[in-house]
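# What the coordinates show
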Amino acid sequence: MPSYRAPRGTRDLLPAERPAWARLERVASDIAARYGYRELETPLFELSDVFERGVGETTDIVEKELFRIAPRSEDREAWALRPEATAGIVRAYVQHGMRTWPQPVRLSLIGPMFRYDRPQAGRYRQFWQWDVEAIGDPGPAVDAELVELGLRFYREAGVADVDVLLNSIGDPGCRPAYLAALTAHYRARVDDLPERERRRLETNPLRLLDSKDPDMAAVNLDAPRITDHLCAACDEHFAAVKAHLAAMGVGYRVEPGLVRGLDYYTRTAFEYYRRGAEGQQQALGGGGRYDGLVELLGGRPTPGIGFALGLDRVVLALAETGPAAVAEPVPIAVVCGADPAGTAERLRIATLLRAEGLAVRAELGHRKLGRQLEAAVRDGARYAVILGDGLPSGEVGLRDLRAASQKAVALDDLAALLRRKAGSPSTSGRT
Ligand code: AMP
């Protein structure tokens, strides 16, 4: 007998867990609307090229973690599941001529992302992100708006004590000189570099700065800092981002080692951490400016900035310290009957009530009334609507399952009565 399980690194979100996710989606949608970010969807897969160009060929995400889709023989195109949302959104911006819309185009997307990562706590192969992008604004004010927007999400979601780490990684004007200084620093210590980092030194030296390898900590301690190598324009931009954050009362910490994993970032880079967890390589979310990306994906030169917040890690954080679990919705009533075989009438009445907007289950089994009522209590329903049971036609029994009291109600009044009860605060969910 086969014994199937969800693929490694993926999880089923069971009904008891799903409401916590739905709540986060509501918080995100609500904040997006308040800040004027409009929701969109892009496909879960794109041409691999979109990610290879848009994320960068020398990044871990593309080199090691891209879920490539095995091509069918008749297809000449190579696809991959999306590892992040920005590249697909920017592809959509170019494809749909969004540069003719009022700028910046503010966009928001919630959905699953896929990375062939080594699974561990808080690291999955399918995970969820809330992604927010502002395309067409060079900043610096919008940079600060986004940093604060992310913090607001954590606050409204109930994750306490989230810190912002902030950096500027310059632009194609000033970064080459910095990279040369950085490379020289590592070359002088090449014997201390782990093998993998030695290879990356030649392709993407910036990545050595945020290396997860513990042996790199000492080598990075006295590495040159990008913030000491910014050109005047980048320096001014960075100072203005900080000034805008200060004007909003948003605290942050400048972290010169923060470079983010993606090739296309310019200037502002930021990450969110739970206080005290900065060293664990488990950011709650992160983002940055990508002024070269639109052009890289075939559009005209257009600045942009965005972030992605990992929802899985927010759910984990909330399970540890957050507010009580979110209740699953429960039916207001279960339609039961004295005649175990009377399923047609039970279903008919439930259908009438559902058409009136009520959450109602009908007892569809052929069990005795007592058993039906026990099941209704297990469902968390507040009432049982009881058919038959010696009542005249046109009337049903309405049993309050908590008070264990019962009265006769005219069928014509039932929906209005239940609607009133459903609106009252004593109807709570299942926890
Ligand atoms: P990144 O663009 O890689 O910085 O990802 C942004 C956020 O997505 C991270 O801060 C995490 O919260 C989340 N994230 C990234 N990769 C994973 C993963 N494999 N599993 C769960 N969450 C992830």
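For the structure, check the block above.
The structure contained in this document is the topic of the report that follows. Keep in mind it's a predicted model, so treat the numbers as computed, not measured.

### Description of the site of the ligand
As a structural note, the neighbourhood of the ligand is formed by 14 residues, with R115, Y124, Q129, R260 and L284 the closest of them. Y124 has a polar backbone atom sitting 2.8 Å from a nitrogen atom of the ligand. Within the backbone of A283, an N or O atom sits 3.0 Å from an oxygen atom of the ligand. Among the residues making up the shell around the ligand, the classes are represented as five nonpolar, four polar and five charged.

### Observations regarding the packing of helix α1 (residues 18–35) against helix α12 (residues 311–321)
Two measures define how a pair of helices packs: the angle their axes make with one another and the distance between the axes. At a closest axis distance of 11 Å, the pairing of α1 and α12 adopts a crossing angle of 115 degrees. The handedness of the crossing between α1 and α12 is right-handed. Here α1 contributes W21, R23 and L24 to the contact with α12, which in turn contributes L311, D312, V314, V315 and L318. The class makeup of the residues in the contact of α1 with α12 is six nonpolar, no polar and two charged.

### Re the pattern of salt bridges
Tallied over the full model, the rule gives 28 salt bridges. Here R18 and E25 are joined by a salt bridge, their closest N and O atoms 3.2 Å apart. The class for R18 is partly exposed, based on a relative accessible area of 35%. Ionic pairing is found between D171 and R267, a salt bridge with its closest N-O pair at 3.7 Å. Remark: R267 occurs in strand β9 (residues 266–274) and D171 occurs in the loop between β7 (162–168) and α6 (175–187); sequence separation between them is 96 residues. Each of the two residues, D171 as well as R267, counts as buried. Salt bridges sharing common partners tie together D30, R34, E148, R152 and E156.

### Details of the packing of aromatic side chains
One pass over the full model with this rule turns up ten aromatic pairs. Their ring planes at 70 degrees and their centres at 5.7 Å tell us that F45 and W79 sit as a pair that is edge-to-face. Here the residue F45 occupies a position in strand β2 (residues 45–47), and W79 occupies one in strand β4 (residues 79–81), the gap between them amounting to 34 residues. Look at F45 and you get partly exposed, because its relative accessible area is 39%.

### Details of helix α15 (residues 411–422)
An ideal rise of 1.5 Å per residue puts 16 Å on twelve residues; α15 measures up with 17 Å between its terminal C-alpha atoms. What α15 keeps buried is the set L414, A415, L417 and L418. Where α15 is buried, its residues contact β12 (333–337), α13 (343–355), β14 (383–387), β15 (395–400) and β16 (405–410).

### Focus: the packing of helix α5 (residues 141–157) against helix α10 (residues 232–248)
Orientation of α5 relative to α10, taken along the N-to-C sense of each, is 45 degrees, at an axis distance of 8 Å. In terms of axis orientation, α5 runs oblique to α10. The element α5 and its partner α10 pack so that their crossing is right-handed. Where α5 abuts α10, its residues A141, D143, A144, E145, V147 and E148 lie against H237, V241, H244, L245 and M248. Among the residues forming the contact of α5 with α10, the class breakdown is six nonpolar, two polar and three charged.

### Concerning the sheet that holds strand β10 (residues 285–289)
An order of β1-β5-β6-β11-β10-β9-β7-β8 is seen for the eight strands of this open sheet, with the pairing classed as mixed. Two strands close off the open sheet at either side, each with one partner strand: β1 (38–39) and β8 (253–254). Across five bridges, β10 lies against strand β11 (residues 304–310) in antiparallel orientation. Looking at β11, one finds that R289 is bridged to I305. Along the sheet, α12 contacts β5 (105–114), β6 (126–135), β9 and β11; its crossing angle with β6, the most-contacted strand, is approximately 115 degrees.

### Some details on a positive patch on the surface
A cluster of basic side chains, namely R8, K64, R118 and K212, defines a positive patch on the protein surface. Assessed through its relative accessible area of 62%, R118 is described here as exposed.

### Overview of the side chain of N220
Structurally, N220 can be placed in helix α9 (residues 216–221). Ignoring anything within four residues of it in the chain, the contact list for N220 reads Y186, L208 and L209.

What counts and what doesn't
Residues numbered from 1 in each chain as written. Predicted model: local features only at pLDDT ≥ 70, side-chain atom pairs only at ≥ 80, totals over all residues. Heavy atoms only, no water. Near = heavy atom within 4 Å. Polar contact = N/O pair within 3.5 Å; in protein donor to acceptor, adjacent residues only side chain to side chain. Nonpolar A, V, L, I, M, F, W, Y, C, P; charged D, E, K, R; others polar. Axes fitted to C-alpha atoms, helices over the stretch in contact; angles between N-to-C directions. Helix = DSSP H or I, 4+ residues; strand = E, 2+ residues; numbered from the N terminus. Left-handed = near helix turned anticlockwise from the far one by under 90°. Contact = heavy atoms within 4.5 Å. Salt bridge = Lys/Arg side-chain N within 4 Å of Asp/Glu carboxyl O. Buried < 20%, exposed > 50% of the residue type's maximum accessible area, 1.4 Å probe, protein only. Phe/Tyr/Trp six-rings, centres within 6.5 Å; stacked < 30°, edge-to-face > 60°. Expected span 1.5 Å × (residues − 1). Parallel < 35°, antiparallel > 145°, perpendicular 65-115°, else oblique. Pairing = 2+ DSSP bridges. Patch = residues over 30% accessible without salt bridge, like charges linked within 9 Å, V, L, I, M, F, W, Y side chains within 5 Å. Areas by Shrake-Rupley, 256 points an atom, 1.4 Å probe, with all protein chains shown as cover. Lys, Arg positive; Asp, Glu negative; His and termini not counted. Charge placed at Lys NZ, Arg CZ, Asp CG, Glu CD.

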